[in-house]
Amino acid sequence: MTRAATPPAEVASPLNALFHGDFLVLAARLADDSVDVVIADPPYNASKGGDWTWDAKAGLPGFGGDWKKVDQTWDDMSLDQYFGFTLAWLGEVKRVLKPTGSLWVHGTYHNIGVINVAMQMLGIEIINEVAWYKRNSFPNLSARRLTASHETILWAHVGKTRRYRFNYDWAKAASFPEDRLKEAGKQMRTVWDVPNNKARDELAHGKHPTQKPLRLAERILKLSAAPGQVCLVPFAGAGTECVAAVREGLDFIAAEVDEAYVEIARRRLAAEAVR
Ligand SMILES: C[S@@+](CC[C@H](N)C(=O)[O-])C[C@H]1O[C@@H](n2cnc3c(N)ncnc32)[C@H](O)[C@@H]1O
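What you see is a predicted model, and the numbers here were worked out from it, not measured in a lab.

A. Here's a closer look at helix H6 (residues 214–224). Burial of H6 is extensive: 9 of the 11 residues sit out of reach of the surface. Residues Leu214, Leu216, Ala217, Glu218, Arg219, Ile220, Leu221, Leu223 and Ser224 constitute the buried set of H6.

Have a look at this one:
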């Protein structure tokens, strides 16, 4: 009997292999209740240019200002599209996440309200809203707004009862050289002082416009996961959350639509393997 050298892509295991394509396509291959933790860093939908109006006729003003920071087509949807997109991916995350698992979603005020409402509509319970304080954030050049110096991270679970993992003792004991707000022996608060700068090896394989610092994903996993578990990363970008999963001893499942970012993430992961 001859054995196939490699299984066809449709049946290949998604474990520890970054999928190049839409998360919804990958999700369709995943079984119910099959992942332990999800770190989702979706498009914030903030690439609108100077005239951000959701709907001029209906008088929905949007956010004003020149929001071209990311300036990518994957980050530019109408409000309806973004709401539909959010419900679709969150619905799949709810299906595949174990009732004992945790879901973490990144955002800013541009998108986090939509995500919060979508979670409530889908029956996903928010545990905490974390303010990621970015001490070294860029000044506001227009001098017409406060300097945006935080992002939001929602921590949620999908269980009927609150059985999600919370490594409370680790969190209480933890301190971080760069976090001026967290003292060892004191409960972890919902404001995290995590500088947005990255180590050289985080940037060595190419640039992504919204790359997160590795230490943020590592904190999330230390707080709510355990080695040997499976971490789902629906929007992998440059692979930060996948690398964090590897470093924390977890398996990962991940998707990314943009080929250039897939390449960066794969190079980072290959470098991790020989580290
Ligand atoms: C905010 S970035 C993630 C950055 C990542 N946390 C990092 O540190 O590199 C969002 C990513 O989602 C990707 N993306 C957008 N829509 C997607 C989809 N439907 N499925 C998979 N990836 C998608 C974009 O190409 C982008 O790289």
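B. Expanded view of the sheet that holds strand S6 (residues 191–193). The sheet built from 8 strands is open, its strands ordered S1-S8-S7-S2-S3-S5-S4-S6 with mixed pairing. One side of each edge strand has no neighbouring strand; the edge strands of this open sheet are strand S1 (18–20) and S6. For this sheet the average axis-to-axis angle between neighbouring strands, irrespective of direction, equals 20°. Summarising the sheet, strand S4 (residues 125–133) and strand S5 (residues 150–157) pair through 8 bridges and their orientation is antiparallel.

C. Examining the site of the ligand more closely. Not every one of the 24 residues close to the ligand is listed here, only the nearest: Asp41, His208, Ala238, Thr240 and Glu256. Within the contact set of the ligand, a nitrogen atom lies 2.9 Å away from a backbone nitrogen or oxygen of Phe23. At a separation of 2.6 Å, a nitrogen atom of the ligand approaches a polar side-chain atom of Asp41. Contact with the protein chains covers 97% of the free accessible surface of the ligand, which is 610 Å². Classifying every residue of the shell around the ligand by side-chain character gives 11 nonpolar, 7 polar and 6 charged.

D. Structural view of the packing of helix H2 (residues 79–96) against helix H3 (residues 112–122). Closest axis-to-axis distance for the H2/H3 pair is 9 Å, and the angle between their directions is 50°. As summarised for this structure, H2 and H3 are arranged oblique, according to the angle between their axes. With respect to the hand of their crossing, H2 and H3 are arranged in right-handed fashion. Listed contacts from H3 to Leu79, Tyr82, Phe83, Thr86, Leu87, Leu90, Gly91 and Lys94 of H2 are Val114, Ile115, Val117, Ala118, Met119, Met121 and Leu122.

E. How the structure looks around the nonpolar core. Counting residues in hydrophobic clusters, the biggest one holds 35 residues, and the most contacted among them are Trp104, Trp192, Leu221 and Cys231. Those elements giving two or more residues to this core turn out to be strand S2 (35–40), S4, S5, H6, strand S7 (230–233), helix H7 (240–247), strand S8 (251–256) and helix H8 (259–273). It is H6 that provides the largest number of residues to this core, a total of 6 residues. The contacts of Trp104, once residues within four sequence positions are left out, are Val37, Val38, Ile39, Ala40, Val130, Ile153, Leu154, Trp155, Trp192, Ile220, Leu223 and Ser224. Grouped together as the second largest cluster of nonpolar side chains are 31 residues, Val38, Met77, Tyr82 and Leu90 included.

F. Structural view of the environment of Pro177. Here Pro177 lies in the loop between helix H4 (168–173) and S6. Separated by 17 residues in the primary sequence, Pro177 and Val194 place their C-alpha atoms 9.9 Å from one another.

G. The arrangement of empty space enclosed by the protein in detail. Applying the stated rule across the entire model yields 1 cavity of 30 Å³ or more. What the largest cavity holds in volume is close to 40 Å³. Lining the largest cavity are Asp179, Leu181, Lys182, Met188, Arg189, Val191, Trp192 and Arg219. Grouping the constituent residues of the lining of the largest cavity by class yields 4 nonpolar, no polar and 4 charged.

H. Up close: the pairing of strand S3 (residues 97–107). Among the 11 residues of S3, 8 are classified as buried, and the element is accordingly described as predominantly covered. The pairing of S2 with S3 spans 5 bridges and is classified as parallel. Bridge pairing in S3 links Val37 to Ser102. Bridge count for S3 against S5 is 5 bridges, and the pairing is antiparallel. Pairing of His106 across the sheet is with Ile153, part of S5.

I. Spatial organisation of unusual backbone geometry. Its identity as a non-glycine residue notwithstanding, Asn16 has a phi of 60°, on the positive side. Tracing the backbone through its elements, the reader meets Asn16 in the segment before S1.

J. Main features of the layout of surface pockets. Its boundaries defined by the atoms lining it, the second largest pocket holds a volume of some 150 Å³. Counting residues per element, the lining of the second largest pocket draws most heavily on S4, at 3 residues. Considered class by class, the residues forming the lining of the second largest pocket number 9 nonpolar, 2 polar and 1 charged.

Cut-offs used in this document
- Residues numbered from 1 in each chain as written.
- Predicted model: local features only at pLDDT ≥ 70, side-chain atom pairs only at ≥ 80, totals over all residues.
- Heavy atoms only, no water.
- Buried < 20%, exposed > 50% of the residue type's maximum accessible area, 1.4 Å probe, protein only.
- Helix = DSSP H or I, 4+ residues; strand = E, 2+ residues; numbered from the N terminus.
- Pairing = 2+ DSSP bridges.
- Axes fitted to C-alpha atoms, helices over the stretch in contact; angles between N-to-C directions.
- Near = heavy atom within 4 Å.
- Polar contact = N/O pair within 3.5 Å; in protein donor to acceptor, adjacent residues only side chain to side chain.
- Areas by Shrake-Rupley, 256 points an atom, 1.4 Å probe, with all protein chains shown as cover.
- Nonpolar A, V, L, I, M, F, W, Y, C, P; charged D, E, K, R; others polar.
- Parallel < 35°, antiparallel > 145°, perpendicular 65-115°, else oblique.
- Left-handed = near helix turned anticlockwise from the far one by under 90°.
- Contact = heavy atoms within 4.5 Å.
- Core = buried A, V, L, I, M, F, W, Y, C linked by side-chain atoms within 4.5 Å.
- 1 Å grid on protein atoms, 1.4 Å probe; cavity = no way out; pocket = protein on both sides within 12 Å on 5 of 7 lines; lining within 4 Å.
- Points joined across faces, edges and corners; volume = space filled by probe spheres on them.

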